[in-house]
Amino acid sequence: NLRETAAYLDAEPVTLDGVRAEVRLNVAAANDFELSGAAHADGCGLFRTEFLYLEGDRLPGEEEQYQIYKRVLLAFGEKPVVLRTLDVGGDKQLACLELPHESNPFLGVRGLRLCLAHEALLRTQVRAALRASVHGSLRVMLPMVGALDEVRAAKAIFREEGEALSAAGIPWNPSMPVGIMVEVPSIALIADLAADEVDFVSVGTNDLCQYLTASDRMNPSVKPYHQDYHPAMFRALGYIARSFQAAGKPVSVCGELGGDPLAIPALLGLGIQKLSMSRASLAGAKRVIRSIRMEDAQALAQRVQSLKTEGEIKACLTEFARAHK
Ligand code: PEP
Ligand code: MG
């Protein structure tokens, strides 16, 4: 069965009734192995840049970052690459930046919050990304957004750094899209307002589940509470998808749920046709997409949104998967 699935690695992710989904790769380093996955994917839906900051004992410089971003863009050619700005804090600590102890780090200065508190760090990353934007189809995505003030503050920095590059005669792409991750419930609940202010959205289902269910994604004792198929997850996903569709802006999922063969039919049915996942999930995702019809996926999504518990949803998704082998 594993070997059977592997045969789908280079198949087109198109449904039985001809809807072309997009299956993208999550990338967490710029080495040859990670980048060789580019050949099997419709771009990179999540380029995690933490590795640049977690290794050495100093912050990565602009030129170093620029060269690495350029390498990733060149590996993906014309295909889109969604670069996520630094997302540390929480469980990920920086060796090169002394940060105050927090008793609730996952609710503390994490992701975009940390970048806005250490603005020079963000500005360096933004300049490197803007410079790299001429080498491919780059989009930049902000993690851990909770409110639109944060988005506006970050976008002001993008604007200022872009103007500074122009003034210095350095080329960059002024139409590079800037989007957000939705992984904090407060922004999920105002997805309609967020859709007016950003160019795209990608749902980080790992953190969204952690914050919606108030259960640490790393703590095995609360695993029964960390329910990836919680009805609230599908409500949130449905609301985010409808809000961004209404604004005519792209919606994707880049958390684990996006590469989960059980969840994929329901995601497609909710209108989320861009999925980003680890390399190990690519073939299985394509196989599932090729085995379903959109009409059935939509009916499934409807049904899932009416169910009351994770157990009911899991049973429903499992039944669908069995029937559409
Ligand atoms: C997520 O939270 O779902 C996500 C994709 O980001 P990370 O796993 O890096 O926090
Ligand atoms: Mg996250």
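Residues numbered from 1 in each chain as written. Chains lettered and ligands numbered in written order. Predicted model: local features only at pLDDT ≥ 70, side-chain atom pairs only at ≥ 80, totals over all residues.

You'll find the protein chain entered in an unreviewed UniProt entry as Phosphoenolpyruvate-protein phosphotransferase, with Lawsonibacter faecis given as the organism. According to UniProt, the comment filed for the protein chain under the heading Subcellular location (unreviewed entry) is "Cytoplasm". According to its UniProt record, the protein chain has this under Catalytic activity (unreviewed entry): "L-histidyl-[protein] + phosphoenolpyruvate = N(pros)-phospho-L-histidyl-[protein] + pyruvate". (UniProt positions renumbered as here; feature names shortened; annotations may be inferred.)

## What to know about the packing of helix α6 (residues 119-132) against helix α7 (residues 148-167)
For the pair α6 and α7, interaxial distance at closest approach is 9 Å and the crossing angle is 60°. Classed by the angle they form, the pair α6 and α7 counts as oblique. Of the two elements, α6 crosses α7, and the hand of that crossing is right-handed. Counting all contacts with α6, which are made through Leu 122, Arg 123, Val 126, Arg 127, Leu 130 and Arg 131, the residues of α7 involved are Ile 157, Phe 158, Glu 161, Gly 162 and Leu 165. By residue class, the composition of the contact of α6 with α7 is 6 nonpolar, 1 polar and 4 charged. (Axes fitted to C-alpha atoms, helices over the stretch in contact; angles between N-to-C directions. Helix = DSSP H or I, 4+ residues; strand = E, 2+ residues; numbered from the N terminus. Parallel < 35°, antiparallel > 145°, perpendicular 65-115°, else oblique. Left-handed = near helix turned anticlockwise from the far one by under 90°. Contact = placed C-beta atoms within 7 Å. Nonpolar A, V, L, I, M, F, W, Y, C, P; charged D, E, K, R; others polar.)

## Some thoughts on the environment of Gly 108
Within the secondary structure, Gly 108 is located in the loop between β3 (80-84) and α5 (112-117). Remark: the alpha-carbon pair of Gly 108 and Leu 2, spanning 106 residues in sequence, is separated by 41 Å. Not counting residues up to four positions away in its chain, the partners in contact with Gly 108 are Gly 89 and Glu 102.

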